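Chain by chain, the residues:
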Amino acid sequence: MVEEGSEKDSSFFLIIFVSKNLQMINSVRNTVLSVLNKNNYGYISPSDFNLFAKQAQMDIFEDYFYQYNYQINKENARQSGTGFADIKKQYEEVIDTFSVTNFLYHSNSNRFFVPNQLTTGDDYFLLNKVLVYTRLLASGTNDALGLGTLQDTTTDFQAAGVQVGDIVGNTTTNQTAFVSNVTPTILTLINIDGTSADIFTVLGEGYVVYDDAIVTEAEKVTHSKITMLNNSMLTAPSTMFPAYTQESTILSMFPVSINTVGAVQCQYIRYPRDPKWTYVNLLGGEPSFDQSQPDYQDFELPLEDEPTLILKILQYAGMSIREISAVQFAQAAEQKNDMDEK
Amino acid sequence: MAYLTTYQYYENDGNLPLDANWGSYQYVSLQDIVNNFMLMYAGNHSLVNNEERYKILFHAKRAIQELNYDAFKEIKILELSVCDTLRYVLPHDYVNWVRISLYKDGILRPLTENIQTNWSKAYLQDNDCRILFDEDKNILEPEYSGIDYDRITGSKKSIYLNQGSPFNGMEGYYYGGLWYFDYEIGARFGLNTETANFNPTFRIDKKAGVINFSSGMSGELCILEYVSDGMEGGDNSLITVNKLFEDYVYAYIEYTILNSKLGVQEYIINRARKRKGALLRNAKIRLSNIHPGRLLMNMRGKDKWLK
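Residues numbered from 1 in each chain as written. Chains lettered and ligands numbered in written order. Predicted model: local features only at pLDDT ≥ 70, side-chain atom pairs only at ≥ 80, totals over all residues. Heavy atoms only, no water.

(A) Looking closely at a negative patch on the surface. Residues and elements named next belong to chain A. A cluster of acidic residues, Glu62, Asp63, Glu304, Asp338 and Glu341, forms a negative patch on the protein surface. Within the element layout of this structure, Glu62 appears in helix H3 (residues 46-76). Owing to a relative accessible area of 38%, Glu62 belongs among the partly exposed residues under this scheme. (Patch = residues over 30% accessible without salt bridge, like charges linked within 9 Å, V, L, I, M, F, W, Y side chains within 5 Å. Areas by Shrake-Rupley, 256 points an atom, 1.4 Å probe, with all protein chains shown as cover. Salt bridge = Lys/Arg side-chain N within 4 Å of Asp/Glu carboxyl O. Lys, Arg positive; Asp, Glu negative; His and termini not counted. Charge placed at Lys NZ, Arg CZ, Asp CG, Glu CD. Helix = DSSP H or I, 4+ residues; strand = E, 2+ residues; numbered from the N terminus. Buried < 20%, exposed > 50% of the residue type's maximum accessible area, 1.4 Å probe, protein only.)

Below is the structure:
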């Protein structure tokens, strides 16, 4: 039994934590300015800071993957421990915070768009897993409209085996949703976060319904192999063992029968969003931090990387103001950090 | 893949065919094999790492093919009627034959493979024995070669003691209570047991994909027992492995990948090879199902008196 007071206390601490976490960018900026501002000539403007912050965040983000690989090699050499000494796990957790799972937009035939700002809302850094739903339960066009529903009076969804959790794709608009309730002719649809999904707003839109329980992972195959693979008796891609190739912003799925929206889902690592330190007005010549601005964006890295962020931004900023001692200080500190963490 | 409920097993959840899942518990699917291997034997801390799944799939299928040729003892059987062409077209998934029988009068009679050929290709020739070509310089062939024609029309003699034997229907003389026959010149010393079989004979033309029978098979039922490669016509969802061989298949995949990989130490390859061999032997012994109850029935006849 949890007492009311303790719930309040934990919520309070959560708010404090989130608030602190959300303001990491301000803390970083203050520290950078504090280090640079010796003799009052080390000021960097918010726009310069935002550029350096983006660069620094990207450096650290990319380094996670090298560090992750380094830790795996250490594990294989039995130079790594378990429990709190499991450094690899820490990197996994950080990388997983950038993990996103989305259905891919269908282009034409067996071609799908890779995740991007226009389709899934993110640019991807790495396609980790491409899943294929192979069991088509129903397809057709909607002949009635209702908020957050798919309606087709010519189909019996229950008889077709549609169940809660199955995937619905709008083949006209490329949108997807999940089934939350089934009647013979009406499917109630929700998004992944449980909110109502109103993806059928016009009559006569095409739809497909896939069984969410029958899913296989597609394997990435290089262009130098895919033709031979398709011609192979034993290993030609099948719905049980599908494959894909990538060309520019398009994924081509094999077998070519994988050709509708809702059939292909991708788990990928997105890029961190560009940090933006926002302000409202100048107080005594200083811009005042304001995180309520619509374009505000904090760092997306964990708190433990704040010192590294500061050191990296210091290097860029030091170069910017031609203060070589700041650059050297930051480089030395970063190297020491790296050595300590090996 | 989840385990089946008893209703799913016996009645296929009410779907047709109802017997789809009968006996399925003996087997593990190809999908499970590949999935389990990728999970348990491949990865950052395993001997096999950074291998494409299609390679695992290839080696898994090769293991299943090899097992189907002998170790599985999974014989497929097909009954077909032999028409007057005396030909039995091999099944679409045929790899090798085990036994070919004539089913007649309710009895299965195993047939003997003819030690001589009973079919041949032929070219048309002129009176000077020159081979004939058409205007496009393609060689001309008759519909049947001489030996085929004789076999199909029933005029070909056989070295076997069946209805094609030269002695079959030969007239003799009954004199003094004994039968006498006119044999060809030359002495005969007993019976050639290799050819002493009354049933029709056959030869397999592998490239043509047919079994050619002697004339006695015309209009008869033939039962072919054969082995396939277990690939089920390319339908991956139907490819299965007996559970007794599951561990062997993993060991086979691991060995073949390590064996073909650059820079793997020889002792690791040897370890994988020995493990693979040991698991195959174990699985074969298990599958042979030797136990006292089974031996007992065979041994019961050993002390029977011959009268």
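(B) Structural detail: the packing of aromatic side chains. For the structure on display, the rule yields 23 aromatic pairs over all chains. Seen from their ring centres, Phe103(A) and Tyr133(A) are 5.9 Å apart, and the 40° between their planes marks the pair as tilted. Here Phe103(A), found in strand S1 (residues 99-103), pairs with Tyr133(A), found in strand S4 (residues 124-133); they are 30 residues apart in sequence, far enough to count as distant. Given a relative accessible area of 8%, Phe103(A) falls into the buried group. Among the aromatic residues, those joined into a ring-pair cluster are Phe61(A), Phe65(A), Phe98(A), Phe125(A) and Tyr271(A). Here Arg29(A) stacks its cationic end above the ring of Trp277(A), 3.8 Å away from the centre of that ring. Note that Lys243(B) overlies the ring of Tyr25(B), its terminal NZ or CZ placed 3.5 Å from the centroid. (Phe/Tyr/Trp six-rings, centres within 6.5 Å; stacked < 30°, edge-to-face > 60°. Lys NZ or Arg CZ within 6 Å of the ring centre and 35° of its normal.)

(C) Quick peek at a nonpolar patch on the surface. Residue and element names in this part refer to chain B. Taken together, the side chains of Tyr123, Ile131, Phe133 and Ile139 define a hydrophobic patch exposed on the protein surface, amounting to about 350 Å² of accessible area. Along the chain, Ile139 falls in the loop between strand S6 (112-113) and helix H4 (146-153). Take Ile139: its relative accessible area is 31%, and that puts it in the partly exposed class.

(D) Highlighting the sheet that holds strand S6 (residues 149-151) of chain A. Residues and elements named next belong to chain A. One open sheet holds the 6 strands; their spatial order is S5-S10-S7-S8-S9-S6, and the pairing between them is antiparallel. The sheet is open, and its two edges are formed by strand S5 (136-141) and S6, each paired on a single side. Each neighbouring strand pair of the sheet contributes to a mean axis angle of 30°, computed without reference to strand direction. Judged from the 5 bridges that link them, S5 and strand S10 (residues 206-210) form a sheet pairing that is antiparallel. Bridged to Leu136 within S10 is Tyr210. (Pairing = 2+ DSSP bridges. Axes fitted to C-alpha atoms, helices over the stretch in contact; angles between N-to-C directions.)

(E) Highlighting the sheet that holds strand S11 (residues 215-220) of chain A. Residue and element names in this part refer to chain A. Taken together, the 8 strands give an open sheet; going across it, the order is S1-S14-S4-S11-S12-S13-S3-S2, and neighbouring strands pair in mixed fashion. What marks the edges here is a single partner per strand, and that holds for S1 and strand S2 (106-108). Direction aside, the axes of adjacent strands within the sheet are offset by 35° on average. Two elements, S4 and strand S14 (residues 264-270), share 7 bridges in a ladder whose sense is antiparallel. Counterpart to Leu127 in the pairing with S14 is Tyr268. Contacts from H3 reach S4 and S14, with the element oriented near 60° to S4. (Contact = heavy atoms within 4.5 Å.)

(F) Examining the nonpolar core more closely. Among the nonpolar cores identified, the biggest contains 39 residues, and Leu30(B), Ile33(B), Phe37(B), Val241(B), Phe245(B), Val249(B) and Ile253(B) are the most heavily contacted of them. Counting residues per element, the ones that place at least two in this core are helix H2 (30-40), helix H3 (53-69), helix H5 (246-259) and helix H6 (266-288) of chain B. Beyond its immediate stretch of four places on either side in the chain, Ile253(B) contacts Ile33(B), Phe37(B), Ile56(B), His59(B) and Ala60(B). Counting residues in hydrophobic clusters, the runner-up holds 32 residues, among them Met24(A), Phe65(A), Leu311(A) and Ala330(A). (Core = buried A, V, L, I, M, F, W, Y, C linked by side-chain atoms within 4.5 Å.)

(G) Representation of the interface of chain A and chain B in the model. The partner chain B presents 16 residues to the 17 residues of chain A that form the contact. Overall, the association of chain A and chain B removes approximately 1,500 Å² of surface from exposure, summing both partners, and the carbon and sulfur fraction of that is 60%. Broken down residue by residue, the surface that chain A buries against chain B is led by Leu234(A), Met240(A) and Phe241(A), which jointly contribute 46%. Our enumeration of links across chain A and chain B arrives at 0 salt bridges. Those elements that place two or more of their residues in the side of chain A that touches chain B are H3, S11 and helix H5 (223-230) of chain A. Ranked by the residues each element gives to the side of chain A that touches chain B, the list is headed by S11(A), at 4 residues. Of the residues belonging to the side of chain A that touches chain B, the class tally is 8 nonpolar, 4 polar and 5 charged. (Buried area = accessible area lost by both parts, 1.4 Å probe. Nonpolar A, V, L, I, M, F, W, Y, C, P; charged D, E, K, R; others polar.)

(H) Up close: the packing of H2(B) against H5(B). Residues and elements named next belong to chain B. Remark: H2 packs on H5, axes separated minimally by 11 Å, with the N-to-C direction vectors making an angle of 55°. Considering the angle they form, H2 stands oblique to H5. Considering how the two elements wind past one another, H2 and H5 form a crossing that is right-handed. For the pair H2 and H5, the contacting residues are Asp32, Ile33, Asn36 and Phe37 in the first and Glu246, Val249, Tyr250, Ile253 and Glu254 in the second. Residues belonging to the contact of H2 with H5 are distributed by class as follows: 5 nonpolar, 1 polar and 3 charged. (Parallel < 35°, antiparallel > 145°, perpendicular 65-115°, else oblique. Left-handed = near helix turned anticlockwise from the far one by under 90°.)

(I) Here's a closer look at the pattern of salt bridges. On inspection of all chains with the given rule, the structure shows 19 salt bridges over all chains. We note a salt bridge from Asp295(A) to Lys276(A), for which the minimum N-O separation is 3.2 Å. Of the two residues, Asp295(A) is situated in the loop between strand S16 (286-289) and helix H6 (306-320) and Lys276(A) in the loop between S14 and strand S15 (279-283); the sequence distance between them amounts to 19 residues. Exposure remark for Asp295(A): the relative accessible area of 39% places this residue in the partly exposed category. Its salt-bridge partner being Glu254(B), residue Arg275(B) comes within 3.3 Å of it at the nearest N-O pair. Taken together, the positions of Arg275(B) in helix H6 and Glu254(B) in helix H5 put the pair 21 residues apart, joining distant regions of the chain. Accessibility expressed as a relative area gives 11% for Glu254(B), which makes it buried.

(J) Region of interest: unusual backbone geometry. Across the junction of Phe254(A) and Pro255(A), the peptide omega takes the value 5°, indicating a cis bond. Mapped onto the elements of the fold, Pro255(A) is located in the loop between strand S13 (250-254) and S14. Following Leu16(B), the chain continues into Pro17(B) via a peptide bond in cis, with omega recorded as -5°. Positionally, Pro17(B) belongs in the loop between helix H1 (6-11) and strand S1 (27-29). With phi around 50°, Glu232(B) is a residue other than glycine that occupies positive phi space. Counting through the fold element by element, Glu232(B) comes out in the loop between strand S11 (221-227) and strand S12 (240-242).

Any link to function would need more than the numbers given here.
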